[in-house]
Amino acid sequence: MKRVILSLFALSVVAIGSAAPQASDKEALRNANKLIKQMTLREKLGQLEQFITRNGVVTGPEGVKCDIDSAVRKGEVGSFLSIRNRNEALRLQKMAVEESRLGIPLIFGYDIIHGCKIIFPENLAISCSWNIDAVERSARIAAEESAASAIHWTFSPMCDISVDPRWSRVSEGAGEDPYLGSKIAAAMVRGYQGDDLAKSNTIAACVKHFAAYGAVQAGKDYNTVDMSELMFRDIYLPPYKAALDAGAVTVMSSFNDFMGVPASGNKWLLYDLLRKELGFKGFVVSDWKAVNEMIIHGVAADGRDAAELAMKAHLNMDMLGGDYIAHGEELVRTGRISEKLIDELCREVLVVKYQLGLFEDPYRYGKQNLSEVYYRPENMQFARELAAESMVLLKNNGVLPLAEGTKIALIGPFADSKIDQLGAWRGLGEAKRSVTFRTALEERFGKENVLYTKACECGRYKNGLIEGGIEEAVKIAEQSDVVLLSIGLSGWHSGESRSRASISIPEDQQQLLDALKQTGKKIVVLLSTGRPMDIRNEVEKADAVLLTWHAGTMAGPAVADLVSGDKNPSGHLTMSFPYSVGQVPVHYNSKNTGRPAKSQFKAQGYSCSYVDIRNAPLFPFGYGLSYTEFEYSDLKVLTPEVPLGGVVKVSVKVKNVGKRDGVDVAQLYVRDIVAETTRPVRELKGFERLSLKAGEVKVVEFEIPTSDLAYCHSDMSVKADAGDFYVWVGADSNAKLKGQFKIK
Ligand code: BGC
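Residues numbered from 1 in each chain as written. Predicted model: local features only at pLDDT ≥ 70, side-chain atom pairs only at ≥ 80, totals over all residues. Heavy atoms only, no water.

> Help me out: how do you make sense of empty space enclosed by the protein in this one?
Empty pockets left among the atoms are what a rolling probe the size of a water molecule brings to light. Evaluation of the coordinates by the stated rule reveals five cavities of 30 Å³ or more. Empty space within the largest cavity amounts to approximately 200 Å³. Lining the largest cavity are 26 residues, with N123, E172, A174, I184 and M188 sitting closest to its centre. Looking at the lining of the largest cavity, the elements that each hand over two or more residues are α5 (123-127), α6 (132-148) and α7 (178-193). No other element matches α7, which puts five residues into the lining of the largest cavity. Among the residues making up the lining of the largest cavity, the classes are represented as 16 nonpolar, eight polar and two charged. Looking at the second largest cavity, its volume works out to about 70 Å³. What lines the second largest cavity is a set of 13 residues, among which Q47, V72, G75, S100 and I104 lie closest to the centre. For the lining of the second largest cavity, the per-class residue count stands at seven nonpolar, three polar and three charged. (1 Å grid on protein atoms, 1.4 Å probe; cavity = no way out; pocket = protein on both sides within 12 Å on 5 of 7 lines; lining within 4 Å. Points joined across faces, edges and corners; volume = space filled by probe spheres on them. Helix = DSSP H or I, 4+ residues; strand = E, 2+ residues; numbered from the N terminus. Nonpolar A, V, L, I, M, F, W, Y, C, P; charged D, E, K, R; others polar.)

> Would you mind showing me how to read helix α18 (residues 507-517) here?
Residues three or four positions apart in an α-helix share a direction because the helix packs 3.6 residues into each turn. All of the buried residues along α18 are D508, Q509, L512, L513, A515 and L516. Within α18, the buried residues cover an arc of 165° as seen down the axis, which keeps them to one side. (Buried < 20%, exposed > 50% of the residue type's maximum accessible area, 1.4 Å probe, protein only. Arc of directions from axis to C-beta.)

> I'm lost on the domain arrangement of the protein in this one. Help?
By convention, interface size is frequently given as the accessible area that disappears when the constituent parts associate. Taken domain by domain, the protein consists of domain 1 (52-66 + 76-89 + 109-355), domain 2 (376-564) and domain 3 (630-743). Distance from the C-alpha centre of domain 1 to the C-alpha centre of domain 2: 33 Å. Of the residues lining the interface, 40 residues belong to domain 1; the matching set on domain 2 comes to 39 residues. At the boundary of domain 1 with domain 2, the tally comes to three salt bridges. (Domains from an automatic or database assignment. Contact = heavy atoms within 4.5 Å. Salt bridge = Lys/Arg side-chain N within 4 Å of Asp/Glu carboxyl O.)

> Please explain the site of the ligand as it appears in this structure.
Inspection of the region around the ligand gives L81, D111, F155, R169, K208, H209, M252, F255, D287, W288, M319 and E496 as its neighbouring residues. Separating an oxygen atom of the ligand from a side-chain N or O atom of H209 is a distance of 2.7 Å. One nitrogen or oxygen atom from the side chain of D287 is found 2.6 Å from an oxygen atom belonging to the ligand. Against a free-state accessible area of 310 Å², the protein chains account for coverage of 95% of the ligand. A breakdown of the residues in the shell around the ligand according to their chemical character gives six nonpolar, one polar and five charged. (Near = heavy atom within 4 Å. Polar contact = N/O pair within 3.5 Å; in protein donor to acceptor, adjacent residues only side chain to side chain. Areas by Shrake-Rupley, 256 points an atom, 1.4 Å probe, with all protein chains shown as cover.)

> Explain helix α15 (residues 377-390) here, please?
For α15, spanning 14 residues, the distance from its first C-alpha to its last is 20 Å, which sits close to the expected 20 Å at 1.5 Å a residue. For α15, the complete set of buried residues consists of N379, M380, F382, A383, L386, A387, A388, E389 and S390. Here the buried face of α15 lies against α5, α6, β13 (392-396), α20 (555-563) and β25 (683-692). (Expected span 1.5 Å × (residues − 1).)

> Is there a simple way to explain the pairing of strand β15 (residues 450-453) in this structure?
Moving residue by residue along a regular strand, the side chains alternate between the two faces of the sheet. Alignment of strand β14 (residues 408-411) against β15, held across four bridges, turns out to be parallel. Note that in β15 the partner of I411 across the bridge is T453. (Pairing = 2+ DSSP bridges.)

> Please explain the sheet that holds strand β3 (residues 49-52) as it appears in this structure.
Strands belonging to one sheet form pairs held by backbone hydrogen bonds; the direction of such a pair is parallel or antiparallel. The strand order across the open sheet built from five strands is β6-β5-β4-β3-β12, with neighbouring strands paired in parallel fashion. Here the strands that pair on one side only, and so sit at the sheet edges, are β6 (153-154) and β12 (318-319).

> Just checking my understanding: could you explain the pattern of salt bridges for this structure?
Where charged atoms of side chains with opposite charge meet at close range, the side chains can pair. Going through the model one piece at a time under the given rule, you end up with 48 salt bridges. Between K44 and D343 there is a salt bridge; the shortest N-O distance is 2.9 Å. Residue K44 is found in helix α2 (residues 41-47), and its partner D343 is found in helix α13 (residues 339-355); the two are separated by 299 residues along the sequence. On the basis of relative accessibility, which here comes to 17%, the residue D343 falls in the buried class. Here D272 and K267 are joined by a salt bridge, their closest N and O atoms 3.4 Å apart. By relative accessible area, D272 is classed as partly exposed at 24%. One connected set of salt bridges, linked through shared partners, spans D234, R679, E683 and K685.

> Is there a simple way to explain the side chain of T553 in this structure?
Along the polypeptide, T553 turns up in the loop between β20 (544-547) and α20. At 2.8 Å, the side chain of T553 forms a polar contact with the backbone nitrogen of I119. Residues contacting T553, with those up to four places away along its chain left out, are K117, I118, I119, M380, Q421, L422, R433, S434 and V435.

> Help me understand the sheet that holds strand β18 (residues 482-488), please; the structure alone is not making it clear to me.
One open sheet accounts for six strands, arranged β13-β20-β19-β18-β14-β15; its pairing is mixed. Pairing within the sheet leaves two strands with one partner each, and these edge strands are β13 and β15. The sheet shows a mean angle of 15° between the axes of neighbouring strands, direction not considered. (Axes fitted to C-alpha atoms, helices over the stretch in contact; angles between N-to-C directions.)

> Whenever I open this one, unusual backbone geometry confuses me. Can you help?
With glycine set apart, most residues show a phi of negative sign, and most peptide bonds adopt trans. Note the cis peptide between S156 and P157, where omega equals 10°. Relative to the elements of secondary structure, P157 occurs in the loop between β6 and α7. Across the junction of F210 and A211, the peptide omega takes the value 10°, indicating a cis bond. The topology assignment puts A211 in the loop between β7 (206-210) and α8 (229-245). Positive phi outside glycine occurs at A212, with the angle close to 65°. Relative to the helices and strands, A212 is located in the loop between β7 and α8. Residues other than glycine seldom take positive phi values, yet T593 does so here, at roughly 65°. Structurally, T593 can be placed in the loop between α20 and β21 (630-637).

> What is the right way to look at the packing of helix α17 (residues 469-478) against α18 in this model?
Axes are the key here: two packed helices are described by the angle between their axes and the distance separating the axes. Taken N-terminus to C-terminus, the directions of α17 and α18 make an angle of 35°; their axes are 9 Å apart at the nearest point. Where α17 crosses over α18, the two elements pack in a sense that is right-handed. Only Q511, L512, A515 and L516 of α18 make contact with α17, whose side of the interface consists of I470, A473, V474 and A477. Looking at the contact of α17 with α18 residue by residue, the class counts come to seven nonpolar, one polar and no charged. (Left-handed = near helix turned anticlockwise from the far one by under 90°.)

> Can you help me understand the packing of aromatic side chains in this one?
A ring pair, where both rings are aromatic, is described by two values, the distance of the centres and the angle of the planes. The final tally for this structure, using the stated rule, is 21 aromatic pairs. For the pair F120 and F382, a centre-to-centre distance of 5.8 Å together with 70° between the ring planes defines the contact as edge-to-face. Placement of the pair is F120 in the loop between β5 (107-110) and α5 and F382 in helix α15, with a sequence separation of 262 residues. Judged by its relative accessible area of 1%, F120 is buried. On the basis of relative accessible area, F382 is assigned to the buried category, the value being 7%. Summarising the aromatic geometry, the rings of F258 and W268 are spaced 6.3 Å apart at their centres and angled 5° between planes, so their arrangement reads as stacked. Placement of the pair is F258 in strand β9 (residues 257-258) and W268 in helix α9 (residues 267-277), with a sequence separation of ten residues. The class of F258 is buried, set by a relative accessible area of 1%. For R444, the ring lying beneath its charged end belongs to F445, and the centroid distance is 5.4 Å. Over the aromatic face of Y726 sits the side chain of K738, whose NZ or CZ is 3.9 Å from the ring centroid. (Phe/Tyr/Trp six-rings, centres within 6.5 Å; stacked < 30°, edge-to-face > 60°. Lys NZ or Arg CZ within 6 Å of the ring centre and 35° of its normal.)

Here it is, written out as structure tokens:
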């Protein structure tokens, strides 16, 4: 999509990004082929194993007894993950390069998910900025800090679409929409890999978790995934594909089984689709012991079977299971696996090592002066801006922004928690560098104007009300003009393995809110979370709700910027907030069905609805408030009839009708009225962040190539076809302004 914005003040054209070219691909391949000829089978298998070591302590992959140092010297290990110490990484690299027979460098991978030293907001939060350039820049900064730390490969971006907030890993993704998710996935790859993977400040990206991990049944992590191929191609595949098209050189297979076959042994996924159809040329690493877990899934009798399945599915690197190195030689000797296949798997790993420039200079990552790269002031400032752009104002009855000199009662478990604001993945981040809400509010409003108490605990180890917590909270509320109540879920509740059946605010925090409500003071809830929550009651009781997420190192200054009105909130949700957890999965792009509900806001029978609650979520996809108001008008379909292969053009006028400058996200949705297979009631096909001064008007022009309207047909082909479409433009997925166009 290309957008042109015609401003009454200025004219600007937005450029489209493109995939990073891999300049030395051919040379890398030639070199890898030459090297393979000199390698023993065991050395080749070594390249396919990834081990872990903790700061020099000798540990082998579980199930395999080995002395890591001697394995490195023998060339029996190709990669390490999660090395947090640069000296340790360089020690191992030196050993591999100088003491192993062929001197093949190691590749070091780590989870740099939303920042390395500077921690940015969790990924779901960042997606709510709808700021693709900022997404790319955050990945760029993370890459620079990682590369300097001798980590030249990140296990990111996570491209898993999910519509289930019970699944804690929604915090790592970009929400429920494939179109936005694709833009974000591609931007992250561009940010990490830059335009040249061999530079000493770019790192390899890893597209994960392939595939469809976000669709684990009932939101339980690691659970089964089963869906139609049509749904997979329409909703789940696009972000992975976008990341691959942007040039990502590695992929991670997911833990889940997919249509009956665990992803790590799923030849259809890893070979037929990934390599033959999508043209992927890099290498695939398994998720943590996922090869070995195929025994537990019940598709392999033992490690040998598991290795065979994974190799035959074309999975290159075994993360931690140790089955490739333990059984690979026997598999070749007994003819179950050909050495030719091992060569292919090994070649793809070596090619990436060449592309990273590791053969040319194995120490190129990790040479920089760390104090010049870590926590650069301009990057800290950017983290503050991104955190503010990620936060979403969900409700405001006029209490925000706070006037100068307002006396604030700051209450709750996350208001002064350096660790929680960092979220689940913290890279090499340090809690001590976090600036909390408390610190930043004290600075902005004056120490004397901020009274603070924690009142209750929420986290991994401690939970519940602190003795006397409510009393103290009520006391400081009574001494203040407004209550800022920081509640929700902790950083520990985000990320892997934190699935929850209840996504409500914990009961003790509800009690705290109720007690504070009794004081009659205005209450602003600062909602800390890595996922959408069931917050109907809290929204009713509060005067304002600002979704702060886990916004990273600079979360505090960002909150201070927003509540003070120094900045105007501009975030828009990328995942619907349910009206009740019983609605989950609830997402904007559902199908119409043969019996759609007459109203999405009323309970009713004999239609696709509930008889006890409404269908509509509490807050829909795309939703977000500002301190100003934007008016959308004059939707014009500039191309009422477009040939297949052409470009649909739609324009809309947006006016800032309030008194403050602000940023809104204009969103364009379409509906294919009659198609060969059933289509969603709405699909996002364009968006634009618009910065408008008070009173300013801009005309936004959206351009949608008809290829963006492609969908999966019953024969599994993905193509656009002729027909009529509705189009809406507005500030969320309930946009009212409507037009129509035809593809001929
Ligand atoms: C997670 C991955 C992660 C890997 C390596 C796994 O448990 O599922 O997302 O990249 O560990 O740390």
